[in-house]
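In case you want the letters, here they are:
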Amino acid sequence: MMQNGMDILHHQNGSTNSVHGHQNESKTNLIVNYLPQTMTQEEVRSLFASIGEVESCKLIRDKVTGQSLGYSFVNYHRMEDAEKAINTLNGLRLQNKTIKVSYARPSSESIKGANLYVSGLPKNMSQIELESLFAPFGRIITSRILCDSFQPFVDPTSGVADPSNMSKGVGFIRFDQRMEAERAIQALNGTIPKGFNEPITVKFANNPGNNSKAIPTLAAYLAPQITGRFAGPIHPTGRFRYIPLSSLAATTTAGKTMLAINKGLQRYSPLANEIVQEPVLPGNTIAGTGWCIFVYNLAPETEENMLWQLFGPFGAVQSVKVIKDLQTNKCKGFGFVTMTNYDEAVIAIQSLNGYTLGNRILQVSFKTNKNKM
DNA sequence: TGGTATT
């Protein structure tokens, strides 16, 4: 593929710059952002190979779970292919995403940790206005305003937000350099920008993949809640921000709120206006003792120590079992935990059902007896 | 406090 004349370089002073080296990687190396979660490295490579010969392709994955982080590097042999890839593939819609293709910045420590979390923004603030506020402090790589809306799109050129977009008053700004981000924090955190009514908070964003939802956090948070009764809504103490209240699986039926933890174990009592316990035969137990809990949506690499860690804080755990494929020795996506005490099992189910582990939302319930239900 | 912008 050396037939277009571009490969014959003329050096003015007889220097020996290699045509084959990596000295111009900044013009051949691309970063591809907003890839669909399910897209594999080979699929990315195939897509970009349609433009020209790819020297390397690396999809970035979570170190622990192996899940795609949604971005990739693609290095071409030739600068013109990289440029063509930007021109033809940037903005391409794949599944539910619009990919972004741009030159990768040379890697360095100074560009890491440059993402800021901003809260207290006026609800009508556009993305353009947000960038204007931060632009004095450096080169903005990306910005985002979080919305409640189902339709997250805000035209980035006009800055016009769809009226159906309900800003949460929270945004992110990624600078090119960490120092720029630090300057913005110094200048803006706690201040009331011109035209604002409230002070804004500016701080470094949580960096992704750092296990901010780690198990010890969950355990430390929930252990004091084990009281033998329904725990009810659990309020953050400030140090821990994350608890899946959705795990309570509240549903509204005919105007009445029910906790759908396990049909047959509780029913709604109109008189007491609360969930009442009903005695249940231990048909979901192993060997007639303890309460068997079904845990679904576990990652393939899940080991049994994970289940011990997850359920241990809630009380006495008799046994755990991760169901594995015999061929691959990988978890088939579910497992079982047997707990001694009913009340502790209920709270474990309440607390862990809906809990996000890695990128997966766990489904936790009492094991059902398929013969009966 | 998103969905994942530095291998």
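Look up: the structure comes first, before these words.
Predicted model only: the values in this text are computed from it and were never measured.

### Here's the deal with the sheet that holds strand 16 (residues 317-324)
Item 1. Strands sit in the order 16-17-15-20 across an open sheet of four strands; the sheet is antiparallel. Two strands lie at the open edges of the sheet, namely strand 16 and strand 20 (363-366), each paired on one side alone. Mean inter-strand twist for the sheet, computed between neighbouring axes without regard to direction, equals 20°.
Item 2. Relative to strand 20, strand 15 (residues 291-296) runs antiparallel, the two being bridged by four bridges. Residue pairing in the sheet places isoleucine 293 in a bridge with phenylalanine 366 of strand 20.
Item 3. Against the sheet, helix 8 (residues 342-352) contacts strand 15, strand 17 (331-339) and strand 20, and its axis sits at roughly 155° relative to strand 20.

### As for the protein's contact with DNA strand B
Item 1. Residues in close proximity to DNA strand B total 30 residues, the closest being Asn29, Leu69, Lys97, Lys100 and Arg105.
Item 2. Contact between DNA strand B and lysine 58: a sugar or linking oxygen at 2.9 Å from a side-chain N or O atom of the residue.
Item 3. Within the side chain of asparagine 115, a nitrogen or oxygen atom sits 3.4 Å from a base oxygen of DNA strand B.
Item 4. Every element with two or more residues in the surface near DNA strand B is listed here: strand 1 (29-33), strand 2 (54-61), strand 3 (68-76), strand 6 (100-103), strand 7 (115-119), strand 8 (140-147) and strand 9 (167-175).
Item 5. Of the residues contributing to the surface near DNA strand B, the split by class is 14 nonpolar, nine polar and seven charged.

### A closer look at the pattern of salt bridges
Item 1. For the structure shown, the criterion picks out seven salt bridges.
Item 2. Of the charged contacts, one joins aspartate 81 and arginine 78 as a salt bridge, the two residues approaching to 3.2 Å between their closest N and O atoms.
Item 3. Residue classification places aspartate 81 among the buried residues on the basis of a relative accessible area of 6%.
Item 4. The network of salt bridges with common partners includes Arg78, Glu80 and Asp81.

### Side note on helix 2 (residues 41-49)
Item 1. Burial in helix 2 covers these residues: Val44, Leu47 and Phe48. The arc enclosing the buried residues of helix 2, seen along the axis, measures out at 90°, which places them on a common side.
Item 2. Contacts from the buried residues of helix 2 go to strand 1, strand 2, strand 3, helix 3 (79-89), strand 4 (93-94) and strand 6.

### Some thoughts on the environment of glutamine 37
Item 1. One can find glutamine 37 in the loop between strand 1 and helix 2.
Item 2. Overall, the relative accessible area of 42% leaves glutamine 37 in the partly exposed class.
Item 3. For glutamine 37, the residues in contact, after removing those within four places along its chain, are Gln67 and Ser68.

### A look at the nonpolar core
Item 1. In this structure, Ile293, Leu307, Phe311, Val337 and Met339 are the most contacted members of the largest nonpolar core, which totals 26 residues.
Item 2. Elements that contribute at least two residues to this core include exactly strand 15, helix 7 (304-311), strand 16, strand 17, helix 8 and strand 20.
Item 3. Considering every element that reaches this core, the biggest residue donor is helix 8, with seven residues.
Item 4. Contacts of phenylalanine 311, omitting those with residues within four sequence positions, involve Ile293, Val295, Val317, Val337, Met339, Ala348, Leu352 and Val364.

### What to know about the environment of glycine 113
Item 1. Tracing the backbone shows glycine 113 in the loop between strand 6 and strand 7.
Item 2. The contact partners of glycine 113, leaving out residues within four places of it in the chain, are Arg178 and Phe204.

Definitions and limits used
Residues numbered from 1 in each chain as written. Chains lettered and ligands numbered in written order. Predicted model: local features only at pLDDT ≥ 70, side-chain atom pairs only at ≥ 80, totals over all residues. Heavy atoms only, no water. Pairing = 2+ DSSP bridges. Helix = DSSP H or I, 4+ residues; strand = E, 2+ residues; numbered from the N terminus. Axes fitted to C-alpha atoms, helices over the stretch in contact; angles between N-to-C directions. Contact = heavy atoms within 4.5 Å. Near = heavy atom within 4 Å. Polar contact = N/O pair within 3.5 Å; in protein donor to acceptor, adjacent residues only side chain to side chain. Nonpolar A, V, L, I, M, F, W, Y, C, P; charged D, E, K, R; others polar. Salt bridge = Lys/Arg side-chain N within 4 Å of Asp/Glu carboxyl O. Buried < 20%, exposed > 50% of the residue type's maximum accessible area, 1.4 Å probe, protein only. Arc of directions from axis to C-beta. Core = buried A, V, L, I, M, F, W, Y, C linked by side-chain atoms within 4.5 Å.

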